[in-house]
Every structure is written in C-alpha cells, then in structure tokens.
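In case you want the letters, here they are:
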Amino acid sequence: MSAPLLQTSGLTIRFGGVTAVDQVDFTLREAELRCLIGPNGAGKSTFFKLLTGQLPPTEGHVHLRGQDISGARPHEIARQGVGIKTQVPNVFNALSVQENLWIAARHKHTPTFATELTDKILTQLRLTGIANKEVGQLAHGQRQWVEIGTVLAGEPELILLDEPAAGMTHEEVERTAELILEINKSRALIVVEHDMQFIKMIARTVTVLHQGAVLIEDDVARVLEDARVRDVYLGKGLAA
Amino acid sequence: MQILTGMKGALIGSVIAAAAIIAAPFYVDLFQIMQLTVFAAMAVLALSLGFIWGYGGILCFGQTSFFGLGAYAYAVSAINFGDSTPAILLAILVPVVFAALLGYFMIYGGISDVYLGVITLTVSLILFNLVNSTAGDFYKIGEARLGGFNGIPGVPTFNLPGNPGYILTPEQAWMVTGIALILVYLGLRVLIASSFGRIIIAIRENETRAALLGYDPRIYKLITFMIGGAIAGFAGALYVNWGAFVSPTIFALGLSAQIIIWVIIGGRGTLIGPVIGCLLLQWMVTEIGAQQALDANFILGAILIIFVLLVPKGIAPTLRDLALSRLGRGETAPPEARVKVKT
Amino acid sequence: MDLAIIVGLDVISGIASLVLISAGLAVIFGMMKIINLAHGEFLMLGAYATVLSVSAGVNIWFAMLVIAPVFVGLVGVIVERCLIQFLYGRLVDTMLATWGLSLVIVGATTMIFGNTIVGVSSPLGGFQVGAYQSSLYTPFLALMAVFLMTAVFGVMRYTRAGLIARAVMQNPEMAATLGVNPARVYMATFGAGAAMSGLAGGLLAPVAGVVPTMGAAYIAKAFITVVGGGTSLLWGLISASGLFGFINQIAAFLTTPVFGEVILFIAAVVLIRLLPTGIAGRFFKGRL
Ligand SMILES: Nc1ncnc2c1ncn2[C@@H]1O[C@H](COP(=O)(O)OP(=O)(O)O)[C@@H](O)[C@H]1O
Ligand SMILES: [Mg+2]
C-alpha cells in the first residue's frame, strides 16, 4: 500500500507553558474530506500552521505522501501541493480580486493560462461582478470567498480551510458546503468549522481536538452523539 | 488592459520628454544644461529607491551606499582603463554584489523593517567613515588614489563606446543622462507590469499569503534589493560623469535623508512621484544654497516632518486619488496609484 | 604588561562608551519599538548644553551631570507631545519623523551657533602606566556607565514607574486595560531616553569636538549596539555593548579605528543573521 496523503506522528508544539498541539497522530487518505472540530483554543488553527510550515513543531513529524516535511518553510510546503485558507483572512488587500487569484494561478502556469484559470474560478465562485474591486474594500464574507478562490487558483491537492463559513449568511454557507463537496470530487480537504449545521452538510469522518489532543475520531453521527464531545462543547453554546 | 493603457501613456510621455531633452541644448545655456544633468542623475537614484521601497516594500535608509559604491567603482575603473564603457558596467556590478551580500544577511535573517532601515543607514555611515580614511599613498587601486576626504579629482568622463578618444561634450552628456533616466523609468514600468512585478507587489502586500501560495518572499526581495542597487550604482556613474569628481560626501547622511524625502513627497508606489520629488527638492536646495538665509537641513527636515504627518501618501498618489474620486470611478486605481503606507 | 593594561583600559572604555551613547536609544527602542533617528542630535544638544553652561560660568560637573540631561529630557518630552504622539502605531513613519527632526535640530543649531567647533577641557588629569599615559576621564566614564545601568535596573525593578514600564513593554494592550495610560508612559519613556542621551552628550563634551553635526559620528555604533542587543533594554544593551565594545577595541587596536568600526559592523550583521531578534531576543527573552 502506498503512503497516505498526509500523516502526522506525535505532532506537538508548545508556547512556553502552553501545549497548543499535543502528540497528534493524524492520517488523511487521498481525496478524503475530513472535518476538524473542537472548542475555541483547542489548537485547530495551530495544527494547520504546523501542517503549512508557518510554525515549526516542537516535536513530532508531518509526512506528505511519505515525505517528511516537518520544519520545511511555508513556500516549500505550498509547492508540494498544500493550500490553506487561514482563519484571519490572508489576502492581498491593495490588489483587485482578479489580481489576487492571478498571482496564485501564476505560480504554476504561464501568464496567459493563469488569466484563463482565474476567469474560470471567478465564474465558479460568482466573483466576476467584483473582479476589479480592491479586496481591501470588500466585506468580510466576500474576502473569505476571495481567499478560497486564491487557494483554488493555486491548484493544490490538499486544501485546508480554517472556518470558511464564519461571517457568511445562511445562503452563502449552503453554497460553501456545495462548493466543498464539489472540490472534494478531485481533491482532499480538511475543514475546520464551528457551525454544526454546516458540519452535518458536509462531514463523513470527524476528528475532535480538545486541549491540543485528539479526543475522538469517528463517523460524524457517532461523534455528534458522543458524551465526551458534548461535555467539551457544553457551556460554549455550540452543542449540536 | 489597464496596464497596457498605462504603458501607452508612459510611452507617449517618454517620447515627448526625449524630444525635449534633445532640444534643450538649443534653448538653454551651458550652466543650466549642467544643472539639469545632475538633476537627471539624481532622479535615476530616486527611481532606485522608489522601486524597492514603493513596490518591493523594502525600507532602505542607506541607498547612498550603492550610489557611492557605483560612483567610486566608476571613478577607479575609468582612471585605470581610460575608457568609460567597462567603468559603467563595473559601476553597476560592484553595488549589485554588495547588495547581494548585505541583502542576503538581512533578508534571509528575517529581520523587521525597522532593523532593515537602521542597518542600511548604518552601512552608509560606515562607508562614509571608511572612504574618508583612505588618504595617502597606501590606498591606491591600480592607478587610482582614493584620496580620503579629498576624493578623486579628474575622473575621465563618458566617451563614445569603443572609442575612448571621443569624449562626449557636456551637451551630449546631458542627452545621455536624460535619455538614461527615461530608459530606466520605462524599464521599471515594464518590470512592474511583468509577472515578477506583480509578485513583488503581492509580497509587499502580504508576505505570508505569498509564501502560502508557493512564492519564496526572500529571493524576490533579494532580487528587488539588487535591482535597486544596480540602478543606484548606475546613477553614481552618471553623477561622476557630470562632475568628473567624487568624494566621500556622496555617502553622507544628508544625501541619504534627501533620497528618502524625494520618495516620501513624490509618493511611494509610483515611479513618476520620486522623480518629481527629486527634481523639486534639487531645485529647492539649489535655491536655498544661493540665498543662504536659511539652512538647507532645517528646511529638508521640516518638509519631511510635514509630509509624514499631513501627506503620508505623497504628492502623486494623493493627486491621483483626488482625480479618481472626482471622476467617481468605483474601479481600482492602476497598481502604481495604490499605496499601502507601511507602518 | 603595561601595554596589556592600556589595551584592557581601552576595552573597558570602549564598552563603557557604547553603554553611554546607546542607553537613551535602547530605552526608547525597548519600550516603543522604534529607533529614534534624532538620537545623535540629542547627544549633540547635551554636549552643547554643557559647553554653553560652562562658558556661562557654571561648574562643569553640574553642567554635565544635571543641566545636560534635564535640558535634553525636556526637549524629549516636548518632541513626544508635539510630534511622536501623532504617529503611534506607525513605526516606520515615526522613524521618518525623527529623521526629519534630526535634520531640523542640526539646521537650527547651525543657524544659531554656526558650524564651528567648540569645547570644554577635561576636568580630570592623566595618570601614568609605565611608559604609557592615560586619562583619568576614562575610568570615570566606566564608572558612569556602571552607575547608569544600576540606576536603570533599580528604577525598573523596584519602583512603581518601573513596574508600569515593564508591563507596557510586555504587552501595551494589557497594560492599558489595567488602567495604565500608555500615552503618558510613552511620554515619560521618550523623556527619560532623551535625558540619558543628554547625559551621554554632556559626558562626551570634554572629549569630543562639539559641532552641530557631531551626532553622526556616534549613531552608527549606537544603532549597531541596540539592534544587536534587541528589545530587552538592560541585558540586551549590556551584552551587546560588552561583545561589540570588545570586538571594536581589539580590532581597532590591531588595525585602525575605522576598520574597527567596519569589523564591528560585520560582526553585527552576522549576529543578526543568526539571531534576528538580537542577543536579548534569544537569551534574555522577557527579561528587563
Ligand atoms: N503564537 C502563540 N503564542 C502563544 N500561544 C499561542 C500562540 N498561538 C496559539 N496559542 C495558543 O494555543 C492555543 C490554541 O490556539 P488555536 O490553535 O488558535 O485554537 P483554535 O483555532 O482551535 O481556536 C490557544 O490556547 C492559544 O492561546
Ligand atoms: Mg482557530
């Protein structure tokens, strides 16, 4: 059997006294869609930062298709085919929507092809109408879409989405869910989300993080019924 | 498309400017031609910082280092070779190598803007002290004595390429300098419109995002820094050609400050802005020097403070924003007009 | 042997003068994360205050140790109120504004006093080490550096002002929620930093040529020291001064003072490549 798409072993990071990610063993198959949930401060965003090289692990390893990428720099990991939409929007504010996507597409493609790819994604995400608007002037929800578009334009094989539905209207949330399922036809995704309705729309397997460690990993229905998961979320007002 | 229309405007403007440059000697006297020549050489220097700061987001407080190294490299090699063509090439090469070394340590060290500004400024201060201390026979490169505080007089000026016997007249030197300014300007416009240009602007806007898309910000920044060094070094050669003389004051703190002021008042994120800022300030400093009532440093400092406080974007972007808001266009301005005032 | 003593004295005096000429810059950098580009001019103003007071008949010790720091400290407070406070949160713009200020001060001083060198004679005599002659002023400067560092340590560690300053250094937002007014802290910081620069300028007056542009001669070393030290204001300053003062003096002894400075700079750049946040960022994180 070939190596899994992504595998972490004993992945750990400490900030002073805080262990934000604690001995995480995590495996993702090719073209799998995984949801990652957990209360605020559980370490989900930090886990993503370890996967993308924004933070170096204190201990443990990350393997991408069997290759050790722990401690590699963000651009090296991106070139291996990992794309991320971060929790806090990370876009090129002074550039237009079109230019944001084009920069992403240009990394792999010629300028002409990058323009074509950009147009295609703009249409897919229904952003054509605001293609020439400066991203810094858009509303939060729209900036989220721009960032998702930017990630798609980079054509990664593994996509990490950190709270993609935050700040979106109900209708936008549904479209995001559809889009994720669409993307998943050809690529693997890990989606971090708080909105349980959203999770129910897309999830098959769910991993729950709590205080940096994996609490449970199972089929979505069983996870949402699990007493420990309810305990963890209780009092956070997020129980399903 | 916007880029192309912008380029058309720049091309038309450049042709007109080139015509004016060639015509100038027929209309103004030699003294003014000399004056214009040094203004144009300085404007090339202004473009170098306007490019790396305004587009690359690299805060270099010591752009004089590359200017001065270019000037000294030109002077030393022109004296040794007796031919300006290889000297001009060395005036570009030496600062580029220096920028590569210095830039490597700073950019790959991952230091902050504040540190980068201070370190580049420190480099220029140290080069000033270093070159100042090169008096005496010991400091000789080939035929050229560095001369310490007194500098190097009698540097051969530009000759026709391949014909060292044919020295350009002051009018011809003016045309060469003016046309060089236009070519550097157009070259940078093309560079900014290219993929490389788009990418360095993106990195200036959000380095993390660029890295997460697979671009290594460090190498792009280093190349930008080196291009800035090359242009500043070339400006140094143009400057020595103007005066046939170079001294350590070329590295002095006052000039470092002036370059920054040109770019600030002209506007970061434009190319024409720094050129305008440079010409305005050069003219003003000459006027102050002539009437001697006020100290030039005092005025320069006051201008810098006033612009930082009241017009932080600079003249060109502010005017363009005004014009755009008059027109009431909702579209984004061309990238030249967009400035992120770095904090 | 005598030579070794003299070189040793040189190293001590090199370290002490780095501490003195960098302290004001380090305080402002440690607290506000900006480099004050008018630092050299604050030194110069301290030197002028001393020279002018002495020529007006004031005792030189009083002029150096009291008038210079108080005067430049006041200048610092005024500058903070009239200029710096409008630029909070804009680090680069703040630095540019202080650069403008530095030009304004040089220009104004030149217009008032002219571009001529003034000075005062050293209040201390010399002493003999074997065949070598040295000035008593050198050990005095070393004492002053020790005294200054002890004073900074004492204030930061044991007074309420120091407690507030440490809180703001660690986390300005958090300090604000505790009822500390960061604006006032920054004003006090800038004033205190300026006063230290004024003191250093005063102490330099007897051993330097006092001219409006004298600041430029010192800022390169001060910048290197502070950048190399990092934002921890006491240990960063002391460790960087120690390391760089040693390298500089030894290199200057073996070559020339100018090459000593070049070697110092190269050492600092290599250090920055290895430790981008300075010595303190690596070894004294979160300490004073
Ligand atoms: N750079 C950092 N320094 C110190 N602590 C951090 C840092 N980044 C995250 N943390 C801590 O790590 C924990 C996990 O944070 P995060 O990954 O953002 O959680 P989540 O995304 O699950 O809400 C939190 O306790 C947070 O305070
Ligand atoms: Mg998070």
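Structure: see above.
About the cut-offs
- Residues numbered from 1 in each chain as written.
- Chains lettered and ligands numbered in written order.
- Predicted model: local features only at pLDDT ≥ 70, side-chain atom pairs only at ≥ 80, totals over all residues.
- Heavy atoms only, no water.
- Near = heavy atom within 4 Å.
- Polar contact = N/O pair within 3.5 Å; in protein donor to acceptor, adjacent residues only side chain to side chain.
- Areas by Shrake-Rupley, 256 points an atom, 1.4 Å probe, with all protein chains shown as cover.
- Nonpolar A, V, L, I, M, F, W, Y, C, P; charged D, E, K, R; others polar.
- Contact = heavy atoms within 4.5 Å.
- Buried area = accessible area lost by both parts, 1.4 Å probe.
- Salt bridge = Lys/Arg side-chain N within 4 Å of Asp/Glu carboxyl O.
- Helix = DSSP H or I, 4+ residues; strand = E, 2+ residues; numbered from the N terminus.
- Pairing = 2+ DSSP bridges.
- Axes fitted to C-alpha atoms, helices over the stretch in contact; angles between N-to-C directions.
- Parallel < 35°, antiparallel > 145°, perpendicular 65-115°, else oblique.
- Left-handed = near helix turned anticlockwise from the far one by under 90°.
- Donors = N, O, S within 2.8 Å, 3.2 Å for Na, K, Ca; no water.
- Buried < 20%, exposed > 50% of the residue type's maximum accessible area, 1.4 Å probe, protein only.

**What to know about the site of ligand 1**
All names here are of chain A. Taken together, Phe15, Ala20, Pro39, Asn40, Gly41, Ala42, Gly43, Lys44, Ser45 and Thr46 make up the full set of residues near ligand 1. Contact distances for ligand 1 include 2.9 Å between an oxygen atom and a backbone N or O atom of Gly43. Summarising the interface, the protein chains cover 60% of the accessible area of ligand 1, which totals 560 Å² for the free molecule. For the shell around ligand 1, the residue count by class is four nonpolar, five polar and one charged.

**Let's talk about the interface of chain B and chain C**
With 47 residues of chain B at the contact, the number on the chain C side is 43 residues. Buried area between chain B and chain C, both sides added, is near 3,900 Å², and the carbon and sulfur share of it is 82%. For chain B, the biggest contributors to the area lost against chain C are B:Val114, B:Tyr115 and B:Ile126; these three give 16% of the whole. Put simply, chain B and chain C have one salt bridge between them. Counting across the chain B and chain C interface gives two residue pairs in polar contact (both at pLDDT 80 or more). Counting residues per element, the ones that place at least two in the side of chain B that touches chain C are helix H4 (84–108), helix H5 (113–132), helix H10 (253–266) and helix H12 (296–310) of chain B. With 12 residues, the single largest contributor to the side of chain B that touches chain C is H5(B). When grouped by side-chain class, the residues that make up the side of chain B that touches chain C number 34 nonpolar, nine polar and four charged.

**Let's talk about the sheet that holds strand S5 (residues 67–68) of chain A**
Residues and elements named next belong to chain A. Across the sheet, four strands lie side by side as S2-S1-S4-S5; this open sheet has antiparallel pairing. Looking at which strands have only one partner, the edges of the open sheet turn out to be strand S2 (18–28) and S5. Looking at chain direction, strand S4 (residues 59–64) and S5 are connected through two bridges and run antiparallel. For His63, the partnering residue across the bridge sits in S5 and is Asp68. On top of the sheet, helix H1 (residues 44–51) reaches strand S1 (6–15), S2 and S4; it is set at about 115° to S1, its chief contact.

**Points about the packing of helix H2 (residues 30–54) of chain B against helix H6 (residues 170–193) of chain B**
All names here are of chain B. Close contact between H2 and H6 brings their axes to 9 Å; oriented N to C, the two are set at 20°. By the angle between their axes, H2 is roughly parallel relative to H6. Remark: the crossing between H2 and H6 carries left-handed chirality. For the pair H2 and H6, the contacting residues are Leu30, Ile33, Met34, Leu36, Thr37, Ala40, Ala41, Ala43, Val44, Leu47 and Phe51 in the first and Pro170, Glu171, Ala173, Trp174, Thr177, Gly178, Leu181, Val184, Tyr185, Leu188, Leu191 and Ile192 in the second.

**Looking at the coordination of the magnesium ion (ligand 2)**
Residue and element names in this part refer to chain A. For the magnesium ion (ligand 2), the full set of protein donor atoms is Ser45 (OG) and Gln87 (OE1), at a range of 2.1 Å. Residue Ser45 is located in helix H1, and its partner Gln87 is located in the loop between strand S6 (82–85) and helix H3 (97–106); the two are separated by 42 residues in the primary sequence. Its relative accessible area of 21% is what places Ser45 among the partly exposed residues. Overall, the relative accessible area of 34% leaves Gln87 in the partly exposed class.

No statement about biological role is implied by the geometric values presented.
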